Amino acid sequence: MKRPPFPALVFVLIMFASPLLGAERFPRPELPPDHVQPVTSRPMPPGPFYGWIDTAVLVVTLALAAHLALRRRSRAAIFAVMLFSLVYFGFYRKGCICPIGAIQRVAESLGTGSAVSVFALLFFGVPLIFALFFGRVFCSSVCPLGAIQDVVLLRPLKVPAWLEHGLRLFAYAYLGLAVLFAVTGAGYVICRYDPFVSFFRLSGGMQMFLLGISFLVTCLFVGRAYCRFLCPLGVLLGLASRVSRWRTTITPDECIKCRLCEDACPFGSIRKPTAEPTGANRTEGKLRLGLLVLALPLVIATGAVLGHAAGDVLARAHPTVLRAREVRAAGAGTPGDEALRTQAFLKTGRTLEQLRADEQNVLAEFGVGTAILGGFLGLVVGGRLVALSVRRTRTDYEADRGRCVACGRCFAHCPREHVRRQKLRGEPILIKDQAGKT
Amino acid sequence: MADDEKQLTRRDILRTGAGFAGLAALGGGLGFLYVRRKTEDLVWQIDPDKCIQCGNCETNCVLKPSAVKCVHAFTICGYCDYCFGFFNEKFGGQTTAAEGQLCPVDALHRKHVTGPYYEYAIDEERCTACGRCAKGCNKYGNGSLHLQVRHDRCLNCSQCSIAEACPSEAFVRVPANEPYLMKPRGETA
C-alpha cells in the first residue's frame, strides 16, 4: 500500500481542525440581577424495577413452557404461551433485552472486563439453565423471534438431511463471529442484523425491513429458518439440551414404531430407528470414522490458518480501523463535510502515528481472534463429520436432543398420546397397542 | 440386551456428568461476572468533547424520536444576539422567521434578556437531536448547546445502536447514578 504524504496531511488537518477547537469565544454578559437562569434538567434512568419484572416474566414463561411440553403435553397451551411471549417480549418490550443478544454482552464482559448488568447475566443464564434441565423450552414458547417465525409457518418443506446439516453450521459461524466482534469492540452483529426486531419496533430502515420480510416469507415454507440455520443462542441451547436432565418426547410412554410421527416435525428434528448394519458397511464405517478422527487436527489447523488470513478483512468492521482507513483516504485529497470519521479524529487531537498504532493493535487482535474463530469452525465441521460417522443404535422414533425446540407438534401424531388423553378423559380405549393390551 | 443396558448407563452417566459440568461452568462464569462488576449498572451517554454533531443520533436510535436531545449549558452561553445555533448562516439575514432559523422543528426558542442579549432554551418535546444548533454553536460559538442522551427516554440497550453508527466513538458507558456528561465538564463530577 502506498504511504500517504503525511507532512502535507498534517498541515491540512490542522487548518481544518482550528474551528473545532472551540473555547469560550463570547464571554458571558452581565445579566440583570433579577434574571433567573433556567436549569437544564437531568432526568435519571428508571430503576431496576422493569428489569425484575422482565426477569420474572422470563422465569414464569420458561417454567410454564417446560411444564406444558414435558407434563401437560399440550400443543395448544404451548402455542398460547408463545403468543403471549411474542406480544410481551416482542411487541411490548420491543425485542430488548433478549437472551440472543445477551451472548454478546456476556462475551464482551468476559473479554474486556466491562461491567455487565445483572439482567444481561440473568437473560443469558436462565434459558441455558432451563435447557440443562428441560431442553430447549426457551425456543418453543419464550423467544419472540422463534414465535414470530412459528406463527407464520404455513406449509413446511422437508429440507434434505445433507442440506440441513450443512446449513446448521452457519449458526456456529454466526455465534463465533458475534463473540469475536463483541470482544474486540467491533459492534453487536446479532442485534444489528436481527431480522425481526424492525417489526417489533416498527422502525429500522428499509434494508432491515426487507431482510425481515424475506425471512418471514422463507419461514412460510422452511420452519423457523432463523432458529435452525442462524440463531447463535440455538447453538448454545442445543448443546445444553443434549445433556438435559429431562426432555420432550414424542410418545408419552412407549414407541410402537407406527411411523405416524415420521413427518410430524417441520424442523427436521425427528430421528428414525436405525437399520441394523451389515458386516461390510460396518467395516467401512469404522474406517471412515478413523480417518475423520485423524483428519480432525488437520481440519482445525486449516480453519485457523484461513481464519487468520481473513483477519484484516473482518477487522474493517471495527470503528478504529474504519477511522484509520478514512483518515488515510482523506489524506490523499481534502477532507469533505462527509468525512465524519476524519472530523472526529481531528477533534481527538491524536496524531496519525497514534491512530496507526491503534489500528495495528486492532489488526493484531483480529489476527488472533479470527485464527481462534477459524479453528473453532474447523472443530465444528470436523466434529460434525465425526458425529455423523459414529453409529448410533436407535430402536424408537425419537426427538433429536439438540435440535428439538419442544414445540409439541408431534404429540398429536402419536397414537399412544391419544390413548393417554382418552384415559385422562375417562373414555373407553379404542386403540390397541402392539401387545394387544388396551 | 445386557450389553445394551450397560451402554445406555454409561452414556447416561456421561450425559449427567456433562450436564452438571455445564451447570457448574455456567454458574461459575456468571457468578464471576456478577462479583467482578464493582460499579453499579452502566448507561449510555455522549461525550460532548468527542461529539461532532453529525446528525446520526437523530436517525439511528431505536426510538422515534430519538432518546438523544439537545441540552443547553446556560452557564457558558454568551447570550449572543446573533446566535450561530439559532440563525441559519446560509440564509444570511438575521430573521427569526422559520426560514432564517437552523432548527427544522422550531424547538429552539429565544427570549430577550437585556440589551443585545438573548437567552436560548430548548423545547425537548420537539427536539429531534439533528444536532444542527449544536453544530453551529460549537463551530463559531461557545459550544453551550450540545447533545445528551436523556435517560427518561433511553431504553439502555445492551449495545446502543447510535453508538454503532457514531463516527466519533463519542458514546460511552457511564455509571447510572451519574448519567450525564453535560457541559461545562467537571460540573458533573
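A. Quick look at the overall build of chain B. Looking only at helices and strands, chain B features four helices and six strands. Each helix (α) and strand (β) of chain B, taken in turn from the N terminus, gives the series α-β-α-β-β-β-α-β-α-β. Relative to the 2.2 N^0.38 estimate, which gives 16 Å for 189 residues, the radius of gyration of chain B is 26 Å and therefore markedly larger than a compact globule would have. Considered along the principal axes of its C-alpha atoms, chain B spans approximately 100 × 35 × 25 Å. Burial status across chain B gives 47% buried among its 189 residues. Counting every atom, chain B has about 9000 Å² of accessible surface; 56% of that belongs to carbon and sulfur. The positive charge centre, built from 22 side chains, and the negative charge centre, built from 22, are 3 Å apart in chain B.

B. Fine view of the packing of helix H7 (residues 144–152) of chain A against helix H11 (residues 205–221) of chain A. Residues and elements named next belong to chain A. Put simply, H7 and H11 touch, their axes get as near as 7 Å, and they point 55° apart. Taken together, the axes of H7 and H11 are oblique relative to one another. Here the hand of the crossing between H7 and H11 comes out right-handed. Contacts between H7 and H11 pair Ile148, Gln149 and Val152 from the former with Leu216, Cys219 and Leu220 from the latter.

C. Local environment of the interface of chain A and chain B. Contacts between chain A and chain B engage 60 residues on the former and 65 residues on the latter. For the pair chain A and chain B, the summed buried surface comes to about 5300 Å²; carbon and sulfur atoms form 60% of the total. Per-residue buried area on chain A facing chain B is highest for Phe26, Arg42 and Lys347 of chain A; these three make up 12% of the total on that side. Scanning the region where chain A abuts chain B turns up three salt bridges. When the shortest N-O distance is used, the salt bridge between Arg323 of chain A and Glu169 of chain B registers 4.0 Å.

D. Local environment of helix H8 (residues 161–184) of chain A. Taking 1.5 Å of rise per residue, the 24 residues of H8 of chain A would be expected to cover 34 Å, and the 36 Å separating its terminal C-alpha atoms lies within 8% of that figure. Remark: Gly185 of chain A follows H8 of chain A within two positions and exhibits a positive phi of approximately 80°.

E. Local environment of the packing of aromatic side chains. A full pass over the atoms with the stated rule returns 22 aromatic pairs over all chains. Judged by centre distance (5.0 Å) and plane angle (75°), the ring pair of Trp52 of chain A and Phe119 of chain A falls under edge-to-face. A residue pair is termed long-range when its members are at least 10 positions apart, and Trp52 of chain A in helix H2 (residues 49–72) and Phe119 of chain A in helix H5 (residues 118–134) qualify at 67 residues. Phe119 of chain A sits in the buried class, given a relative accessible area of 10%. In this structure, Arg73 of chain A packs its charged tip against the face of Phe411 of chain A, placed 4.2 Å from the ring centre. Cation over ring: Arg110 of chain B sits above Tyr118 of chain B, and NZ or CZ is 3.8 Å from the ring centre.

F. How the structure looks around the pattern of salt bridges. Residues and elements named next belong to chain A. Enumeration according to the criterion identifies 28 salt bridges over all chains in this entry. For Glu359, the salt bridge identified is with Arg328, shortest N-O distance 3.0 Å. Here Glu359, found in helix H17 (residues 352–389), pairs with Arg328, found in helix H15 (residues 319–332); they are 31 residues apart in sequence, far enough to count as distant. Taken as a pair, Glu359 and Arg328 share a single burial class, namely buried. Arg421 is the salt-bridge partner of Glu417, the closest N and O atoms lying 2.9 Å from each other. Note that Glu417 and Arg421 are positioned in helix H18 (residues 415–425) at a spacing of four residues, about one turn of the helix. You can call Arg421 partly exposed: its relative accessible area is 25%. Connected through salt bridges with shared partners, the residues Arg73, Glu417, Arg420 and Arg421 form a single ionic network.

G. Expanded view of the environment of Cys54 of chain B. Along the chain, the position of Cys54 of chain B falls in the loop between strand E1 (42–46) and helix H2 (56–60). Separated by 114 residues in sequence, Cys54 of chain B and Ser168 of chain B have C-alpha atoms that sit 9.1 Å apart. Setting aside its immediate chain neighbours within four residues, Cys54 of chain B contacts Leu340 of chain A together with Pro167 of chain B.

H. Broad picture of unusual backbone geometry. A cis amide bond links Lys64 of chain B to the next residue, Pro65 of chain B, at an omega of -5°. Structurally, Pro65 of chain B is set in the loop between H2 and strand E2 (68–72). Following Lys183 of chain B, the chain continues to Pro184 of chain B via a peptide bond in cis, the omega torsion being -10°. Positionally, Pro184 of chain B belongs in the segment after strand E6 (171–175). In this structure, Arg224 of chain A is a non-glycine residue whose phi angle is positive, near 45°.

I. Representation of the confidence of the model for chain A within the structure. All names here are of chain A. Here chain A averages 89 in pLDDT, and 91% of its residues register 70 or above. Note that pLDDT drops below 50 for residues 1–7; the model gives that stretch four contacts with residues more than four away or on any other chain. Overall, residues 9–22 carries pLDDT values under 50, and its contacts beyond four positions in sequence, including any with other chains, amount to 20 contacts.

J. Here's a closer look at the pairing of strand E3 (residues 108–114) of chain B. Where E3 of chain B lies against strand E4 (residues 117–122) of chain B, six bridges are found, and the strand directions are antiparallel. Considered in E4 of chain B, the bridge of Leu108 of chain B is made with Ile122 of chain B.

Conventions adopted
- All chains use their own residue numbering, which begins from 1 and follows the written sequence.
- Whichever chain is written first becomes A and whichever ligand is written first becomes 1, with later ones labelled in order.
- The predicted nature of this model means local features are confined to residues of pLDDT at least 70 and side-chain atom pairs, given and counted, to a pLDDT of 80 or more, with totals for whole chains, interfaces and linings taken over all residues.
- With hydrogens and water set aside, each side-chain value is computed from the structure's full complement of heavy atoms.
- Runs of E in the DSSP output that reach at least two residues are strands. Runs of H or I that reach at least four are helices, and both are numbered from the N terminus.
- The size measure is the radius of gyration over C-alpha atoms, and the globule rule it meets is 2.2 Å times the number of residues to the 0.38 power.
- The classification of residues rests on relative accessible area computed with a 1.4 Å probe and restricted to protein chains. Under 20% of the type maximum is buried, over 50% is exposed, and intermediate values are partly exposed.
- The method behind every accessible area is Shrake-Rupley, applied with a 1.4 Å probe, and residues are considered shielded solely by the protein chains displayed.
- Under this rule, positive means Lys or Arg and negative means Asp or Glu; His and the chain ends count for nothing.
- Taken as the charge centre is NZ of Lys, CZ of Arg, CG of Asp or CD of Glu, depending on the residue.
- Convention adopted: a line fitted to C-alpha atoms gives each axis, helices being fitted over their contacting stretch, and angles between N-to-C directions are expressed from 0 to 180 degrees.
- Should an angle fall under 35 degrees it is called roughly parallel, over 145 degrees roughly antiparallel, and 65 to 115 degrees roughly perpendicular, with every other angle called oblique.
- Left-handed describes a crossing whose near helix is turned anticlockwise from the far helix by less than a right angle; the clockwise case is right-handed.
- Should any heavy atoms of two residues lie within 4.5 Å, those residues are considered in contact.
- The term buried area refers to how much accessible surface (probe radius 1.4 Å) is lost by two components on association, counted for both of them together.
- The term salt bridge refers to a pairing of a side-chain nitrogen on Lys or Arg with a carboxyl oxygen on Asp or Glu at a separation within 4 Å.
- To estimate how far a helix should extend, the number of its residues minus one is multiplied by 1.5 Å.
- Note on aromatic pairs: the rings of Phe, Tyr and Trp (six-membered ring only in Trp) are paired at centre separations within 6.5 Å, and the planes decide the class, stacked below 30 degrees, edge-to-face beyond 60, tilted for the rest.
- Our definition puts a charge over a ring when NZ of Lys or CZ of Arg is within 6 Å of the ring centre and also within 35 degrees of the ring normal.
- Along the chain, pLDDT gives the predictor's confidence residue by residue, from 0 to 100.
- Here a strand pair is declared whenever DSSP counts at least two bridges between the two strands.

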